[in-house]
Structures are given as C-alpha cells and as structure tokens.
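What follows is each chain in one-letter form.
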Amino acid sequence: MDQYVPVLIALILGGVVALVMTFASTMLGVKTHSAVKDEPFECGNPPSGSAWGRFSVKFYLAAILFIVFDVEVVFLYPWAVVFRQLGLFGFIAMLLFVLVLVVGLVYEVKKGGLEST
Amino acid sequence: MIDFLITFSLTLLMVLMVLNLGGLLLWVERKGSAVLQDRIGANRAAVFGKLPFNLGIVNTLVADPIKLFTKEDFVPPGADKLLHTLAPAIGLVPLLVTFIVIPFGDVLIIGGREITLQAANLNIGILYVLAMVSLSVYGVVLGGWASNNRWALLGGIRGSAQMISYEIPLGLALIGVVLAFGSLDLQEITRAQGALIGGWIPAWGIVYQPVAFLIFLAAGIAESKRIPFDLPEAESELISGYFTEYSGAKQAMFMLGDFVEAIIVAGLITTLFFGGWQIPFLLRDGFHFPWGGTLALPSLLVTLLQVGAFTLKVLFFCWLQIMIRWTLPRFRYDQLISLGWKILLPLALANVMLTALIILLFE
C-alpha cells in the first residue's frame, strides 16, 4: 500500500484547496438580497414553476449504453496487459466478445436510439 | 522519514504545479483569444501602472483571483444549499489529485540517493487517471441539479451525457497504447518509448498508435467541455450551463476544473504518445546519436533536460487545445452524440482489434 501514500497526501492537499476556495467568497464577499435577484436567472422572464421537472429520455439511453460499453472497456484492460501471453486464443475470444457488443450498438443505432429529435 | 519528506514534496510540487498552470492558462486563453481575434485584450488590470510591455500577465494573474475571491457568494434561495456548496469541490478535488501519477523525469540522483521523478508510482497509473477524471462528472451534474434553474439543469444533464459518452472512446484509445506497450504503469510506458525503431525513429506512442492519438485528442477535449464540445456551458443557449447560478470563488473552481482537465489531457498525450520526458537519443549518460557520435553529459544536466522537455511538451499541448478552442465553432447536440457513438467508438474498437491482430502476426 506504500505507493498509495502520495494519493492520500494529494487528496488532503486538494481538499484544503477546495475548502479554502469554497469559503473564500463567503468570508470576503458582501451579501445583498432583493426579490428580483433571488429569482432563478432565466434571462429576465418570470420563472414558471420549479426547474426540477421532467427531461428527455434520450439522456437516459446514452447513460444505459454507457454502462454496457464501460463494462466492456473494463474487461479489455486486463486483456490488453497480458495479450502477448494469451496469443491467438485471447484474440479470438475478445473478437467474439466485441462482435456481440457491436451487434447491440448497430441495433441501437438502427432503432434510432441515438437520434435527438 | 526522509522518504516521506521526498514523497510529500513531490506531491506538493505536482498539486501546486497544476494549480498555477491552471491560473496561467486562464491568462493564455484571454491573451491568446485577443491575439487570434486581432484585438487588444487582458490589459486593463494595472496594479503597477502602465508598463512599456504591459501584456497583462502579472496583473491578470493577481487581479483575477482577487476579483473572484471578493465577489459575493450567491446561493439561490430555491437551491439545494448543501449540494450547491459541495458540487464545485466534488468536481475539482479528483482533478487536482490526478496529475501526481504522471512522470515528469527519469531519476534525480542527489547524494547517492535515487529519486524517481514521479509523485505516485502506481502500477495501475492509467486506470487511476481514468477513475479520477470520470469522478469529476459528479460535480457537473450535482452543480446543475442543485441550482434549481432550468438552464443549469439542462447544462448539467448535457454535461453528464457528453462526459460519459466520450469516456468510452477515451478509454478504448488508451487500450491501444496499453496493447502496444503491455503495461499500465506510466513510468514504464515512458521508459519503453526511449527505444529506437530501426536505430533512427524514436519509439514514441504516436508511431505505434496514430489513430488512437486522434481519438484521444478529440475525446479529451470533449471531456474537458471546451469548444467545439462546450454544449454543457453553451453561452448562447444556456446562459453558462451548469454554473449559471454560481458566483465568486465557486464559479472559479468550475473554470479551474476545466483548465486542470486540459492540463491532464496534455500530460497524458505527452506521456503516452510523445515520449513523456524522453528526448530522442538522450540516454542517462548523455546523447548517443545514431550516426555514431556521443556527447557525455552530467546526470544532473540530463535530468534537467528531461524535465524541461516534459514541461515544453505539456505546454505545447495546452496551447494547442486553446488554439482549437478559439478556431472551431460549436457542434450541435445531435452531432456531438453521433460523433461519439457512431464514429469515434467504432473507430476506437477497430483500432484496438487491428492493433491486437498486428501484434499477433508480427511478434
């Protein structure tokens, strides 16, 4: 675990920087409030209702696709490190794995899952 | 104890380096945009009066932080106050700790002690970088959601969709490099790039993986949310996206985060594709030219040359990203998604399998 000591040190240093910056303006800046200033900024229009409403399902589709391919990338890393020892067997196994996922990607593209209109 | 002190000072050096370079890039960006657009820029803040060569560097570096730190810290009354306060820190801290795994020199020999010029010598360096960079997406999405503002929410969602979409080509491009060098250790990869192909060409990553370099550059700029990929903070559409309701030092943290991400991308491009601290033909005891001559150099000078080469390369790629930013127009959202999923992802997969096939056939 010795090699992770610098990570811990850097996390503490980064945390101190973030803490100072988070509270710098609170300490140093002035504070004023007015009815207009407290509104959510929507280019001058009076805001209608809360912003925490519904949004397009397309963003969820991108997230689901991300999970599938991110897991694939995670499998590819150890394979890439030891690829020279695995040889032909490793190549064919990973080729089949990637092909299955590419079929899924082609299906999603053909179904229009990535169109934003 | 002395080992701990060395580790501590190397880590402190890297964190401070990233912070200061981030501040410097803010000036380079303002001055660079002024030069590119043929106007005078970033010369108004004049602490020391009118100097004959007032490029604004010192004044901008001093005046900008003072201005940002003394602005009002505005939290909208309808916002989720806890998350609104935490979001900039969650976005910034993982980025500040990323650069410590990048090696900036070979070894420094002082008084018989050999110090590896890399703050954290992790054997899974590449995975660490990917893990930390992807953590910063939480800052974007939480900042956008906690503000209780439609534009901020849209910016946060766009930002998260964009960052996770481009993380896949980013990771796959790196797999090409991992295949070529057979290691996840950044120092080991850099050392391997000191070899020569055919006695002449330095064995830098770009020679093995030119396609991966282009994919990584595109995906890296998208990860740092800069033009042409600045959909999350598109000024003409979303005011300023996920940090619309932020002010003062918290807004500065989001902007600093973007610059730090650009520095990380530049550092990774240097380390993986352009030989890191390697200078062609420079070994530990001096230059060994392929046409026969040698030039012996003291080891301290070699180390200084290597650190200087690394710094120059990183600065060049930071500058390149800023030039790209001020040259290209912004994508539409559907173009962004189709570039990521329909072009970069298949290209990166094909690059990985082709690299594997070539290794299989010729090694």
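Coordinates for the structure precede this section.
The structure presented is a predicted model; accordingly, all values stated were derived computationally and were not measured.

So, the interface of chain B and chain A
At the interface, 82 residues of chain B touch 65 residues of chain A. Here chain B packs against chain A, burying approximately 6,400 Å² in sum over the two surfaces, 75% of which is carbon and sulfur. Considering only the side of chain B, the residues that lose the most area to chain A are Arg150, Trp341 and Met353 of chain B, jointly responsible for 10% of the buried surface there. Among the elements of the structure, helix H1 (2-36), helix H2 (57-69), helix H3 (81-96), helix H4 (125-135), helix H5 (137-146), helix H6 (150-181), helix H11 (248-273) and helix H13 (333-362) of chain B are those that each provide at least two residues to the side of chain B that touches chain A. Ranked by residues supplied to the side of chain B that touches chain A, first place goes to H6 of chain B with 17 residues. Classifying every residue of the side of chain B that touches chain A gives 56 nonpolar, 14 polar and 12 charged.

A closer look at the packing of aromatic side chains
Residue and element names in this part refer to chain B. Scanning the entire structure with this criterion turns up 20 aromatic pairs over all chains. Between Phe213 and Phe317, the aromatic rings sit 6.5 Å apart at their centres with planes inclined by 70 degrees, giving edge-to-face as the arrangement. In this pair, Phe213 is assigned in helix H9 (residues 210-223) and Phe317 in helix H12 (residues 299-327), connecting sequence segments 104 residues apart. Grouping residues by exposure puts Phe213 and Phe317 together as buried. Look at Tyr242 and Phe243: their rings are 5.1 Å apart centre to centre, the planes differ by 90 degrees, and that puts the pair in the edge-to-face class. Just as Tyr242 is buried, Phe243 falls in that class too. Members of the aromatic cluster, each reached through a chain of ring pairs, are Trp204, Phe213, Phe216, Phe273, Phe274, Phe316, Phe317 and Trp319. The positively charged end of Arg325 is found above the aromatic ring belonging to Trp326, 4.7 Å away from the centroid.

Reading the values: rules and limits
Residues numbered from 1 in each chain as written. Chains lettered and ligands numbered in written order. Predicted model: local features only at pLDDT ≥ 70, side-chain atom pairs only at ≥ 80, totals over all residues. Heavy atoms only, no water. Contact = heavy atoms within 4.5 Å. Buried area = accessible area lost by both parts, 1.4 Å probe. Helix = DSSP H or I, 4+ residues; strand = E, 2+ residues; numbered from the N terminus. Nonpolar A, V, L, I, M, F, W, Y, C, P; charged D, E, K, R; others polar. Phe/Tyr/Trp six-rings, centres within 6.5 Å; stacked < 30°, edge-to-face > 60°. Buried < 20%, exposed > 50% of the residue type's maximum accessible area, 1.4 Å probe, protein only. Lys NZ or Arg CZ within 6 Å of the ring centre and 35° of its normal.

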